[in-house]
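Chains, contacts and geometry: an overview
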Amino acid sequence: MKLLIKQGKLVDPVGGIGGIIDILVEDGKVAVIGSHLEEPMARVLDASGLVVSAGLVDMHVHLREPGFAYKEEIATGAAAAARGGFTSIACMPNTKPAIDTPEMVAFVRDRARQGCGVHVWPIASVSKGQMGREMTDARALRDAGAVALSDDGLPVMDANLMRDALMRATRNQLTILSHCEDANMVDGRAVNEGKVSRQLGIPGRPAIAEELMVARDAMLAEETGTAVHICHVSTARSVDLIRRYKKKGVAITCETCPQYFTLTEDEVVKQGTLAKVNPPLRTSADVDAIIAGLKDGTIDAIATDHAPHSEEEKARPLTEAPSGMVGLETALGLTLTQLYHTGRMSLSDIVRKMTINPANILRIPKGRLALGADADILIFDPDERWTVKPEEFASKGRNTPFGGVRLRGKVKYTIIGGEIVYQDKA
């Protein structure tokens, strides 16, 4: 099948190609990029007034299967990804059982093949059962198809185990994605330690709990000469630490999520458990620092940390409800609204942090829109305004604090291997 995308505004942060361009897709690959292309046998997609880029890559999602299919299934998570413009997603291993064996990696890959075509890249756990006591077999997991290692959802508290895991992962061309929170300082604590925790009269999760672990893992990466990736950065000091270690030449990368450059801890007072996440929403000063880190390149990637939960679970008291919010279907709109339309970041820089940068960190051959590359393509209207309606999500999860929020920037088409897997009908 041939597909001809006509008159779209190409945003390509890798090749530096821009302007109004036609793209011919043939046999699932980008065949021609040029002007005034004609192909009588191709399906024509008019992208006039729209932006065309590589499909988005989310390096941090929770698909819940196996074990928690009532929250999300791999198929429903993939469908949500397609609606959000993501053509590749990497799923965390905090399932039941954990993704800690080659067989579990194979399970995820097999289930993903039954979905809508979105590429699902399994992340396997650092430790067996995510217990933090014994390392998994990095080589066997890599050979089975794992693209990274992480105990996300739980920090690796044993520094010696983390040190050994970093070295073993590096030998096997894998990156460790680290959930940086000191478990002893945050256990059972629902919100940021500060004015809101004091107002609610509950213990808070201090920023230092994140920052201590960021410093530890940065030091371990420096000492061992290995690479480490810091998940969901949320505090100003974390950004500063990572910036300083990058300047020293340490192989440290990091991500943040739309909630950390959009919301503050005050949202918990307004929306309760819908605004409960780990790490927690912080202060306006932290939000400003996250945005500064995105602008100056300290923060490499924008991920979602898509974390679906059931309505019943989120209806529990704040201190008992699980942490997390869904994000696949709102990430692009939130990012464009908060960073592009405010003049803080260019489209090219945003696309870079949502495509090629996460792909490079995971070492997957995605995130590029170039001749011969897989035709995984996003087409979006950067200016269209729309309202977030959780009841219309493809995800099983409805747990978002952004319900009813008006956003600017909307996915129009998601194309994978030259096939349109999502088209906005509104």
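Structure: see above.
Now for a quick tour of the structure. Keep in mind that this is a model prediction, so the values were computed, not measured. (Residues numbered from 1 in each chain as written. Predicted model: local features only at pLDDT ≥ 70, side-chain atom pairs only at ≥ 80, totals over all residues. Heavy atoms only, no water.)

Digging into the packing of helix 4 (residues 159-171) against helix 7 (residues 207-224)
- The interhelical angle for the contact between helix 4 and helix 7, taken along N-to-C directions, is 45°, at an axis separation of 10 Å. It follows that helix 4 is oblique to helix 7 by the angle criterion. You can see that helix 4 and helix 7 cross each other, and the crossing is right-handed. In this structure, helix 4 contributes Ala-159, Met-162, Arg-163, Leu-166 and Met-167 to the contact, and helix 7 contributes Arg-216, Asp-217, Leu-220, Ala-221, Glu-223 and Thr-224.
- Each residue belonging to the contact of helix 4 with helix 7 can be placed in one class, and the counts come to six nonpolar, one polar and four charged. (Axes fitted to C-alpha atoms, helices over the stretch in contact; angles between N-to-C directions. Helix = DSSP H or I, 4+ residues; strand = E, 2+ residues; numbered from the N terminus. Parallel < 35°, antiparallel > 145°, perpendicular 65-115°, else oblique. Left-handed = near helix turned anticlockwise from the far one by under 90°. Contact = heavy atoms within 4.5 Å. Nonpolar A, V, L, I, M, F, W, Y, C, P; charged D, E, K, R; others polar.)

Notes on unusual backbone geometry
- Lys-96 connects to Pro-97 through a cis peptide bond whose omega is 0°.
- Among the secondary structure elements, Pro-97 is positioned in the loop between strand 7 (86-91) and helix 2 (102-112).
- The linkage connecting Asn-278 with the following residue, Pro-279, adopts the cis geometry, with an omega of -10°.
- For Pro-279, the position within the fold is in the loop between helix 9 (266-271) and helix 10 (284-296).
- The residue His-36 is not glycine, and still its phi comes out positive at about 55°.
- Structurally, His-36 can be placed in the loop between strand 3 (29-34) and strand 4 (43-46).

A look at the pairing of strand 8 (residues 119-124)
- By the criterion of burial, strand 8 is predominantly enclosed, with five of the six residues buried.
- Across four bridges, strand 7 lies against strand 8 in parallel orientation. Within the sheet, the bridge partner assigned to Ala-90 lies in strand 8 and is Trp-121.
- Note that strand 8 and strand 9 (residues 148-149) share two bridges and pair parallel. The residue of strand 9 that forms the bridge with Ile-123 is Ala-148.
- Once you follow strand 8 into helix 3 (residues 138-144) and on to strand 9, the crossover reads as right-handed. (Buried < 20%, exposed > 50% of the residue type's maximum accessible area, 1.4 Å probe, protein only. Pairing = 2+ DSSP bridges. Right-handed = clockwise from strand over helix to strand, strands pointing away.)

Comments concerning the sheet that holds strand 14 (residues 252-256)
- Taken in spatial order, the eight strands make up an open sheet running 6-7-8-9-10-13-14-15, and their pairing is parallel. Two strands close off the open sheet at either side, each with one partner strand: strand 6 (56-61) and strand 15 (301-302).
- Bridge count for strand 13 (residues 228-230) against strand 14 is three bridges, and the pairing is parallel. Counted as the bridge partner of His-229 is Thr-253 from strand 14.
- Helix 1 (residues 74-83) rests against strand 7 and strand 8 of the sheet, and its axis sits at about 140° to strand 7.
- The sheet strands contacting helix 4 are strand 9, strand 10 (175-178) and strand 13, and the helix crosses strand 10 at an angle near 145°.

Observations concerning the pattern of salt bridges
- Following the criterion strictly, the structure yields 31 salt bridges and no others.
- The partner of Arg-111 in a salt bridge is Glu-65, with the nearest N and O atoms 2.5 Å apart. Pair noted here: Arg-111 is in helix 2 and Glu-65 is in the loop between strand 6 and helix 1, with a separation of 46 residues, a long-range link.
- With relative accessibility at 27%, the residue Arg-111 sits in the partly exposed group.
- A salt bridge links Arg-113 to Asp-110; its shortest N-O distance comes to 2.4 Å.
- Counted as one network, the salt bridges with shared partners bring together Lys-29, Lys-366, Asp-374 and Asp-376. (Salt bridge = Lys/Arg side-chain N within 4 Å of Asp/Glu carboxyl O.)

As for the packing of helix 8 (residues 236-247) against helix 10
- Contact geometry for helix 8 and helix 10: axes closest at 8 Å, N-to-C directions at 25°. On the basis of their axis angle, the class for helix 8 and helix 10 is roughly parallel. Packed against helix 8, whose contacting residues are Ala-236, Val-239 and Arg-243, the element helix 10 presents Ala-285, Asp-286, Ala-289, Ile-290, Ala-292, Gly-293 and Asp-296 at the interface.
- Among the residues forming the contact of helix 8 with helix 10, the class breakdown is six nonpolar, one polar and three charged.

Side note on the nonpolar core
- In this structure, Ile-89, Leu-149 and Ile-230 are the most contacted members of the largest nonpolar core, which totals 75 residues.
- A per-element tally of this core places helix 7 first, with six residues.
- Aside from chain neighbours lying at most four places away, what touches Ile-89 is Asp-58, Val-61, Leu-63, Gly-77, Ala-78, Ala-81, Val-118, His-119, Val-120, Trp-121 and Leu-328.
- In this structure, Val-191, Val-388, Phe-393 and Leu-407 belong to the second largest nonpolar core, which totals 20 residues. (Core = buried A, V, L, I, M, F, W, Y, C linked by side-chain atoms within 4.5 Å.)

Thoughts on helix 4
- Look at helix 4: 19 Å from first C-alpha to last across 13 residues, which is about the 18 Å you get at 1.5 Å a residue.
- Three or more residues of helix 4 are buried, namely Leu-161, Met-162, Ala-165, Leu-166 and Ala-169. Down the axis of helix 4, the buried set is contained in an arc of 135°. They therefore lie on one face.
- Where helix 4 is buried, its residues touch strand 9, strand 10, helix 7 and strand 13.
- Here helix 4 starts with a cap whose side-chain oxygen sits 2.9 Å from the backbone nitrogen of Asn-160, and that cap is Asp-158.
- Among the residues trailing helix 4, Gln-173 stands out with phi positive, at a value near 55°. (Expected span 1.5 Å × (residues − 1). Arc of directions from axis to C-beta. Polar contact = N/O pair within 3.5 Å; in protein donor to acceptor, adjacent residues only side chain to side chain.)

Considering helix 8
- Over its 12 residues, helix 8 runs 17 Å from end to end, which matches the ideal 16 Å to within 8%, given 1.5 Å per residue.
- Buried within helix 8 we find Ser-238, Val-239, Leu-241, Ile-242 and Tyr-245. Here the buried residues of helix 8 occupy an arc of 160° about the axis, which is enough to place them on one side.
- Looking at the buried residues of helix 8, the elements they touch are helix 7, strand 13, strand 14 and helix 10.
- Immediately downstream of helix 8, the backbone of Gly-249 shows phi near 95°, a positive value.

Looking at the environment of Ala-159
- Looking at where Ala-159 falls in the secondary structure, it is placed in helix 4.
- The sequence separation of Ala-159 and Asp-217 amounts to 58 residues, and the corresponding C-alpha distance is 8.4 Å.

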